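The chain contents come next:
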Amino acid sequence: MPVALIRKIEIRNFECFREKHSFDFDDATFFIGINNSGKSSIFRAICTFFGNLDFNSEHLNRTEFRSKKKNSNQCEISITFDLQLIKNKALKQRLLNKNNKHPYLDILVQIVSRGESPEKTYLVFGQKIPEVDLSLTEPDIVQLLHSIHINYIHPQQGTELLEKAQEKLRRRLLDNWGRSSSVSNEYKKIESDWATYRLKANEYLSDLLTDRVKRFWGEGKVTIELPKSLTEVIKISGISFQTDPSSPEIPLTSQGTGVQQSLLYYASYVLDSDRTLRRNAEYHPVWLLEEPESFLHADMIIKLGKDLTSKEWLNNNIQLLTTTHSGLLLASSINPHGHILWNLISKYELKRKYVPKDIDDTSIRDIGRLMGDPNFDVYFYSNYSKVFIEDTAEPLIQSLKTGGIDAKGLGGIGEIRRYLQALSIVITKNIGTSINAKFIIDGDKGKKTVNEFLIDTNMIKEINGFKKYQLQNNIVIIVLPDGESAENLFDEYSSFITSQAHRICDDNLILKETCPSELANVVSHLRKQYVKTAIPTWNKVESELMRDDDCKRLFWNEVKIHKYQISASKLSTITNLLEPS
């Protein structure tokens, strides 16, 4: 079920946004772009709209403000709400009725800078309402706005985030005493004991300080009052973390920044998704995550990206808005079942929107260049758990899919090597990884390009000449039998090559005077070979044909026309080897 109560924001004359600019939101929305492109300004506009950030003249667009034009001292922030996601049926119905049954409600806030006291006016249902009158005029709008809880999370604000987490944990504890009768009874006994102790403690501390004060004020008296309620006394004094059973327990504030951040993200998730903190209340948490990849190890970035857009997180009422410069985080934010949006921002405006599950190869390359990450495509496609193969021939890929293997062609052993190198850098033996990738490569001479990964200690299984290599428990490489390529997976390939050999040679292995134009390259190459070799062989001719790209294209066309399928026995072998060992 969607959770994106906030569907869109429009901003004018706020920070870098001089003209009106619009940005759509979904359950999980990622903003990508170079520094100073406007990503953080969107977050500050959201905070200003909901009152989490005090507005001042510095928030106005400087160029517009200096122009002294009409309304140059006025900014506008409009947010569109999806009324269908309001849980309170009565509130939802009232708002829908006032909005002419339209599911999307626009609320515009106009803020006029007047010294230290800016004037805030709301435009809703076609009428202007000063902020001071809103609660009287439109109590339902106030209830809607108060149901949005903005949680701004910046990696460099670890201490502040820790304090917030401790307070939320304390509230979670106190709000749930009554859920267990045994705990509730224990708490009542402690409260009773505290009432008795408090009176004695008040008297003791008051007398102690009074005795000292009387040295200066003969008749002076000090009275100290400890909190009457035990809930005011209970406080979480600290959070510690132990990386493993053999390591010491260390206060969270003394841990590395990466540990602090990861624990705080997950603590925030546990608390913001906990509906017991606000029983029967309309509650919609919205996270504004500023570059959460900061200080995190690559593997943790991948895990965080997967969690942020997982079904568990997206189904727990938290709407996520995230800025990022990390190709790893962005590529990990792929969930074909989730409502996810990527917004590309450049020079303070939206250049393009992407739905990651529908994105094409060209866009993947463009985003990688924008983020300065040449391996963005590696991380992106690896998250789909595809099987990567050398050849891009569509009939081959389709035949594999028909056989139950979802494959993607990479266009050569050089690209296979790039993928293996990029993934090997991300994967570490001591941490593990959230990326798993499988490769099928030819057993011809090209495999020497990836020999560094095909060492004997990595080979864990062999069936009918097919070899399985496993790297760091996360990367699997299936190598076809020696000398064979993807074309050999089809039983028809051998007879096809023989027929092509007879098209260019007579029965005495003499090259024909005229040859098919589509085989001109291989014939030219063979003529040069014949000069060096007095007695050619059929094996030599067929080997040259197998290496020729034009001949390969002819074969894939035959596969497509005749709908050949991969040999059942070879498909079974590959499927067996792709299974977890």
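Just so we're clear, the structure is a prediction, and the values are computed from it rather than from any experiment.

Definitions and limits used
Residues numbered from 1 in each chain as written. Predicted model: local features only at pLDDT ≥ 70, side-chain atom pairs only at ≥ 80, totals over all residues. Heavy atoms only, no water. Phe/Tyr/Trp six-rings, centres within 6.5 Å; stacked < 30°, edge-to-face > 60°. Helix = DSSP H or I, 4+ residues; strand = E, 2+ residues; numbered from the N terminus. Buried < 20%, exposed > 50% of the residue type's maximum accessible area, 1.4 Å probe, protein only. Lys NZ or Arg CZ within 6 Å of the ring centre and 35° of its normal. Pairing = 2+ DSSP bridges. Axes fitted to C-alpha atoms, helices over the stretch in contact; angles between N-to-C directions. Contact = heavy atoms within 4.5 Å. Polar contact = N/O pair within 3.5 Å; in protein donor to acceptor, adjacent residues only side chain to side chain. Salt bridge = Lys/Arg side-chain N within 4 Å of Asp/Glu carboxyl O.

A. Structural detail: the packing of aromatic side chains. Under the counting rule described, the total for this entry stands at 20 aromatic pairs. Aromatic pair W342 and F380: ring centres 6.1 Å apart, planes at 75°, arrangement edge-to-face. Of this pair, W342 sits in strand β13 (residues 340-346) while F380 sits in helix α13 (residues 376-382); the two residues are 38 residues apart in sequence, bridging distant segments of the chain. F380 matches W342 in its accessibility class, with the two residues each being buried. Both rings, one in F388 and one in F439, keep their centres 5.3 Å apart while their planes meet at 35°; by these two values the pair is tilted. You can see F388 sitting in strand β15 (residues 387-389) and its partner F439 sitting in strand β17 (residues 437-441), a full 51 residues away along the chain. Across from the ring centre of F65, 5.1 Å away, lies the NZ or CZ of K68, which sits over that ring. The side chain of K408 reaches across the aromatic face of Y381, ending 4.2 Å from its centre.

B. Geometry of the sheet that holds β17. Taking strand neighbours across the sheet as the criterion, the six strands line up as β16-β15-β17-β20-β19-β18 in an open arrangement whose pairing is mixed. Edge positions in the sheet fall to β16 (407-409) and β18 (459-463), since each has one partner strand and no second. The average angle at which neighbouring strand axes cross in this sheet is 20°, direction not considered. Relative to β17, β15 runs parallel, the two being bridged by three bridges. Following the sheet pairing, I389 is matched in β17 by I440.

C. Summary view of the sheet that holds strand β2 (residues 21-24). Strand order in this open sheet of six strands is β2-β1-β4-β5-β6-β7, and the pairing throughout is antiparallel. A strand with exactly one partner marks an edge of an open sheet, and here the two such strands are β2 and β7 (127-130). Within this sheet the neighbouring strands show an average axis-to-axis angle of 20°, counted without direction. Packed onto the sheet, helix α5 (residues 139-146) meets β4 (74-82), β5 (104-112) and β6 (119-124) and runs at close to 90° relative to β5.

D. Geometry of the environment of N35. Structurally, N35 is set in the loop between β3 (28-32) and α1 (39-49). Side-chain polar atoms of N35 contact the side chain of H325, separated by 2.9 Å.

E. Quick peek at the pattern of salt bridges. Following the criterion strictly, the structure yields 23 salt bridges and no others. As a salt-bridge pair, E518 and R503 come within 3.0 Å of each other at their nearest N and O atoms. Of this pair, E518 sits in the loop between α16 (493-504) and α17 (520-532) while R503 sits in helix α16; the two residues are 15 residues apart in sequence, bridging distant segments of the chain. Taking the relative accessible area as the measure of exposure, E518 reaches 30% and is therefore partly exposed. Between R547 and E544 there is a salt bridge, with the nearest N and O atoms lying 2.7 Å from each other. With a gap of three residues between them, R547 and E544 both fall in helix α18 (residues 538-547), about one helical turn apart. For E544, a relative accessible area of 6% translates into the label buried. Taken together, the shared-partner salt bridges connect D377, E415 and R418 into one network.

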